[in-house]
Structures are given as structure tokens and as C-alpha cells.
Amino acid sequence: MRYHTQSLDTTPDAEAHLFALWRSWDSLQKIAHLNHTTYSSRLSIWHFVQSQSNSLEQQHPVAHFLKKVGLFPLPSSVPTPPQQLTMLGVIEEALVVIPVLESLGIDYFIGGSVASGIWGELRYTQDLDLIADIQPHHLQDLVTAFSPRFYLRETAIQEAIDHKQSFNLIDNNTGWKIDIFVLALDLFHQNQFQRRQILTVDEQNNTLWFSSAEDMILQKIIWYHLSQNQSEQQWRDILGILKLQNNRLDRIYLDHWAEVLNVSPDLKKALTESGYQVP
């Protein structure tokens, strides 16, 4: 095994320069860039959909936009979409959703491709993943607090609470999909929750909680296994975090949990392909 670039059309030297540039940014710069990337991408798609409105026949322009960003078909219980959508970046959307959770006393952290983009390779994402410590007594308050702006199903939330799974929110104003995973009770996920990190996300000093870099690597390896080792994007995200963070990572923690989770061979392979340098 040898060093593996993030894409076939990028040389190792060019990639090293790019990651050195990202490494020179502080977290606020990286977060701002990620937010702008998601905002500008969605805005471009929205402008394209509007320019094609005369040729869409009977398809609603907002429905066409949602199809373009991966949210289609819409659940049957979603009302007729509005004629317009407000364009927000993913961090701006998080600042809409998360204060609702906080108002209900629900602790959380951001995971998924948003967190891996903060700690690793910047890329566009179509949704926002949150891990939240939701308890049965939160159910009715969640439904009330998120309605009517957000699509959600009470039965889906109840099932997610009962089985420690996930449920979806859809922001009817922006078209963003939010996947909320109910915090699992196993030791790894509880530990991941305790190790979450708070970061300032804008010039107004708003803060949000994120999964740590080490836990994102481990979680991505778990998801990679769930895809029968077929998800190239999960593997690319893993390598991206390792390349950007490198010797900032807690290797003792990574090695310990990789052994506990029975993914040590995958971690070793990822370390090799990322060119990880032993401190």
C-alpha cells in the first residue's frame, strides 16, 4: 500500500500544497469556507432551476431543486412546496435548527460530512447530521417547536427514540434536510459525545458543538464497513481528516478504539494511504 491522493487528477505535490493551505487556516476560516461552498452551490442550482422553469412542464420548481440536491421524492405528507426558497449555507442552517434543540435542553453535536469537512477535506454536502441526546419526554416538545416550519413525523421521532436510530427534518423555508441521530447507549458513542468540541462558527461569536477529529475517523470507518467497504466517499473523508490533522491526532486514542471496534486493519490501511507521519 502507498500514498493515495484524494482524486486521480491531483498529483501528490499539488495535494500536499492544498492541504498545507487548509492547515494554515484557523477553524473559523475553514467553517466560513464550508458554509460559503454549500450556500453558493445551492444558489447556483436554484438559479439553474429557475432558468429552466419554462421547460419543466408540470414539475414544481422547488421540487425540481430538491431533486437536484438529493432530496427527492418528497415524503407524501410534505405540503405543496412554496414558490421560493431562502438560500442558506449549512452552518447558517445549523444556527436555525440547533437553538431549537438547546431551548428544549437537548445536548447535541454535529457529525457527518460537515464535521469531516471541518477536520479534513472541504467538500459540498447535501444534508446536516446531528447526534442528539433526545429522551422520550422530549417528543411532544420537539414536534411543537419545529412545526410548522419543518416537516417531521411524530411516529418517526418515537421510533428513533425507541431504537436509537435517526429521523429527518426538512426545512420548508430552505430545502435543507437534517438527519438527527438519537444518541446510542454503547460506550463508543457515549465517549464520542463526551469528547465533542465547541467551535466559534461566525463573526458574531456563535458557537456549535462538533464531533472530534479522532471520533469522526472512527465513525467514518464504521460507516465504511456498513457499506461493505464500497463507499469511496467515506474512505476519502477518512483520508482527508488524517492528511489534514496528521500529528495533531491522538494516536493512542485512535489505536485503542480501533482495536475495541475491531477496525484496526482499516485504520492501519488509512494511515498508510494518508501518508501519516509518526510524531
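Note: the structure precedes this text.
Report follows, based on the coordinates. Values in this document were obtained by computation on a predicted structure and should not be read as measured data.

Helix and strand counts for the chain come out as 12 helices and 7 strands. Taken over C-alpha atoms, the radius of gyration comes to 20 Å for the chain, in line with the 19 Å a tight globule of 279 residues would show. The principal-axis extent of the C-alpha atoms belonging to the chain is close to 55 × 45 × 40 Å. In the chain, which comprises 279 residues, the share counted as buried stands at 49%. Counting contacts in the chain only where the partners sit at least 6 residues apart, residues at least 24 apart contribute 66% of the total. For the chain, the exposed area adds up to about 13700 Å²; of that, 51% sits on carbon and sulfur atoms. Across the chain, the mean location of the 20 positive side-chain charges is 6 Å away from that of the 31 negative side-chain charges.

Before going further, it helps to examine unusual backbone geometry. Note the cis peptide between S147 and P148, where omega equals 0°. Within the secondary structure, P148 sits in the loop between α6 (139-146) and β3 (150-151). Within the chain, K164 stands out as a residue other than glycine whose phi angle is a positive 55°. Topologically, K164 is positioned in the loop between α7 (154-163) and β4 (166-171). Since its relative accessible area comes to 29%, K164 is described here as partly exposed. Residue N205 is not a glycine yet carries a positive backbone phi of 65°. Within the secondary structure, N205 is located in the loop between β6 (197-200) and β7 (207-210). A residue is classified by how much of its surface remains accessible, and N205, at 60% relative accessible area, is exposed.

Cut-off values and rules
Residues numbered from 1 in each chain as written. Predicted model: local features only at pLDDT ≥ 70, side-chain atom pairs only at ≥ 80, totals over all residues. Heavy atoms only, no water. Helix = DSSP H or I, 4+ residues; strand = E, 2+ residues; numbered from the N terminus. Rg over C-alpha atoms; globule rule 2.2 N^0.38 Å. Buried < 20%, exposed > 50% of the residue type's maximum accessible area, 1.4 Å probe, protein only. Contact = heavy atoms within 4.5 Å. Areas by Shrake-Rupley, 256 points an atom, 1.4 Å probe, with all protein chains shown as cover. Lys, Arg positive; Asp, Glu negative; His and termini not counted. Charge placed at Lys NZ, Arg CZ, Asp CG, Glu CD.

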